[in-house]
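Structural description and commentary
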Amino acid sequence: MEGTVFTPALEGIKHVKSEEGVMLTKPFLDACKHILPIIEKFGASMALVKSDIGGNITRLENKYLSNPTKYTNLYSMVQEEVEAKTAKGSSSCTNGLLWLTRAMDFLVELFRNLLEHGDWAMSQACSDSYSKTLKKYHGWLASSSFSVAMKLAPDRKKFMDVICGTGDINSDIDQFCTTFSPLLEENHKFLASVGMDELKAS
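Residues numbered from 1 in each chain as written. Predicted model: local features only at pLDDT ≥ 70, side-chain atom pairs only at ≥ 80, totals over all residues. Heavy atoms only, no water.

From N to C terminus, the chain includes ten helices and zero strands. For the chain, the sequential pattern of α-helices and β-strands runs α-α-α-α-α-α-α-α-α-α. Scaling as 2.2 N^0.38, a compact globule of 202 residues should have a C-alpha radius of gyration of about 17 Å, and the chain matches this with 17 Å. Here the chain holds 202 residues, and 48% of them are scored as buried. Excluding contacts between residues fewer than 6 apart, the proportion of contacts in the chain whose partners are at least 24 apart in sequence is 74%. A total of about 9700 Å² of accessible surface is found on the chain, and carbon and sulfur atoms cover 55% of it. A gap of 6 Å separates the mean positions of the 22 positive and 25 negative side-chain charges of the chain. (Helix = DSSP H or I, 4+ residues; strand = E, 2+ residues; numbered from the N terminus. Rg over C-alpha atoms; globule rule 2.2 N^0.38 Å. Buried < 20%, exposed > 50% of the residue type's maximum accessible area, 1.4 Å probe, protein only. Contact = heavy atoms within 4.5 Å. Areas by Shrake-Rupley, 256 points an atom, 1.4 Å probe, with all protein chains shown as cover. Lys, Arg positive; Asp, Glu negative; His and termini not counted. Charge placed at Lys NZ, Arg CZ, Asp CG, Glu CD.)

So, in structure tokens, the structure goes:
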């Protein structure tokens, strides 16, 4: 494998915004998709996260494919739902974007932990990033299933060996966290501007 498992995502992130600085639907979803193979390497501990991210990408992608011209810009789907008052529905694209963004927040935080805390076990890195990101939006049930899953986290060294490929994995993780975080922040700001950033899991 040329480069690391992050190479395709890093390449994809460069195309997420248009020249005018608008967040584009397909490139954003593609960048998120490139993270799925990385999550796979976590094995059973991340099965929940992976299916959640995959499901939300599919939901947004189906909407985009129904009218690519109309939904070129990522936020156009949300604006449409907000105007139609369907944004809070559990199967809305707004909800899909919200939870996709939150799951990505969790992963960015996790990779940051792996970078900054060389002495932490994988399960500690996972639990810490969970409590900083997703936990406040999850009810008791979701939190408990998450805590159980984190106990299945792979051995840290084995995981890093698997994902490093031929590139500089630390540099790529750092670049991923640095370039992807601002996009997620922008999603949060936009969702907050339409009153949708605080929804909790039902």
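In this model, Lys-85 sits at a positive phi of 60 degrees, which is unusual for a non-glycine residue. Mapped onto the elements of the fold, Lys-85 is located in the loop between α5 (74-84) and α6 (93-116). Taking the relative accessible area as the measure of exposure, Lys-85 reaches 75% and is therefore exposed.

Note that an α-helix has 3.6 residues per turn; residues three or four places apart therefore point the same way. Look at α6: 34 Å from first C-alpha to last across 24 residues, which is about the 34 Å you get at 1.5 Å a residue. Most of α6 sits out of view: 21 of its 24 residues are buried. (Expected span 1.5 Å × (residues − 1).)

Looking now at the UniProt feature "domain: Glycolipid transfer protein" (unreviewed entry) in the chain. Under the UniProt annotation, the feature "domain: Glycolipid transfer protein" (unreviewed entry) is placed at residues 24-164. Span residues 24-164 is 70% helix and 0% strand, its end C-alpha atoms 29 Å apart. (UniProt positions renumbered as here; feature names shortened; annotations may be inferred.)

The next subject is the layout of surface pockets. By rolling a water-sized probe across the atoms, one finds the places where empty space is left. Considered as a void within the structure, the largest pocket measures approximately 550 Å³ in volume. Lining the largest pocket are 22 residues, and of these Asp-52, Trp-99, His-138, Ala-142 and Ala-201 sit closest to its centre. Within the residue set of the lining of the largest pocket, elements represented by two or more residues are α4 (47-66), α6 and α8 (140-150). Per-element accounting of the lining of the largest pocket gives the leading share, six residues, to α4. Here the residues of the lining of the largest pocket are counted per class, giving nine nonpolar, nine polar and four charged. (1 Å grid on protein atoms, 1.4 Å probe; cavity = no way out; pocket = protein on both sides within 12 Å on 5 of 7 lines; lining within 4 Å. Points joined across faces, edges and corners; volume = space filled by probe spheres on them. Nonpolar A, V, L, I, M, F, W, Y, C, P; charged D, E, K, R; others polar.)

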